[in-house]
Amino acid sequence: EGDHQRRSRLHGPERGDRRAGRCYDQACRVSSLSSLLATFFGIGRIPFASGTFASAAALPFGVLLVMRGWQVLALALLGVIVVGIWACGKHAAKLGVADPSECVLDEVAGQWITLMPVAFFGRPYDWPLYVIGFFLFRLFDVAKFWPMSAAEELPGGLGVMADDVLAGLIAAALFWAALAYGWV
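Values in this document were obtained by computation on a predicted structure and should not be read as measured data.

A. Geometry of the overall build of the protein chain. Secondary structure assignment for the protein chain yields eight helices and zero strands. When the helices and strands of the protein chain are placed in sequence order, the string is α-α-α-α-α-α-α-α. In the protein chain, which comprises 184 residues, the share counted as buried stands at 41%. For the protein chain, the proportion of contacts with a sequence separation of at least 24, taken over those separated by at least 6, is 70%. Here the protein chain has roughly 10100 Å² of accessible surface; of this, 66% comes from carbon and sulfur atoms.

B. A look at helix 4 (residues 70-95). Given a rise of 1.5 Å per residue, 26 residues ought to cover 38 Å, and the 36 Å separating the end C-alpha atoms of helix 4 matches this to within 8%. Within helix 4, the axis deviates most sharply at Gly-84, by approximately 25°. Along helix 4, the residues classified as buried are Leu-73, Leu-77, Val-80, Gly-84, Ala-87, Cys-88, Gly-89, His-91 and Ala-92. Gly-96 sits one or two residues past helix 4 and shows a positive phi near 75°.

C. Focus on the pattern of salt bridges. One pass over the full model with this rule turns up seven salt bridges. Among the salt bridges present, the one from Arg-123 reaches Asp-126, with a minimum N-O distance of 2.5 Å. Salt bridges sharing common partners tie together Glu-107, Arg-138, Asp-141, Lys-144, Asp-163 and Asp-164.

D. A look at the nonpolar core. Among the nonpolar cores identified, the biggest contains 41 residues, and Val-66, Leu-73, Cys-88, Val-108 and Trp-112 are the most heavily contacted of them. At the level of elements, helix 2 (26-38), helix 3 (50-68), helix 4, helix 5 (105-120), helix 6 (127-143) and helix 8 (156-180) are the ones that each hand at least two residues to this core. Looking at which element gives the most residues to this core, the answer is helix 5, with nine residues. The residues touching Trp-112, leaving out its near neighbours within four places in the chain, are Ala-58, Phe-61, Gly-62, Leu-65, Leu-73, Ala-76, Leu-77 and Val-80.

So, how was this worked out
Residues numbered from 1 in each chain as written. Predicted model: local features only at pLDDT ≥ 70, side-chain atom pairs only at ≥ 80, totals over all residues. Heavy atoms only, no water. Helix = DSSP H or I, 4+ residues; strand = E, 2+ residues; numbered from the N terminus. Buried < 20%, exposed > 50% of the residue type's maximum accessible area, 1.4 Å probe, protein only. Contact = heavy atoms within 4.5 Å. Areas by Shrake-Rupley, 256 points an atom, 1.4 Å probe, with all protein chains shown as cover. Expected span 1.5 Å × (residues − 1). Bend = angle between axes of the 7 residues up to and from the residue. Salt bridge = Lys/Arg side-chain N within 4 Å of Asp/Glu carboxyl O. Core = buried A, V, L, I, M, F, W, Y, C linked by side-chain atoms within 4.5 Å.

So this is what it looks like as structure tokens:
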């Protein structure tokens, strides 16, 4: 193998560059932590429908939080949003992409927001409500009409998170109305 193949990295790193793929400094570790969180522990790396898989993975945790009450769900939700703004912002900056499809922590936040009415109305064991909440959030997340499309333009992690938070809020408002009027 010639030197020209090494420069294009077809056959791995050069001898003096053996540590290239590992994290030895704090900046790299933070970056790796942000990627792990932004991709919801790797779910975002699924090559197709990663948002749907992340929403589905968030659902069992959401159910447990709903069973603890709306206050616990609200605190967990606040934590996911704050961490998501940081982690998705770091991960997006590392990739050089405004809103990478593998950043799916925003789906977790949106899904949990959609479940807030189930917790507030005290119906944690009404399992069909979780299915309705899942599909309602996915509908608004995929549709991305205004104001969600405008929220994507916000800078950094805020833009990554804001569109799905808004989708969750809209889905939760409709879900709230359906529960309040006894439609479900």
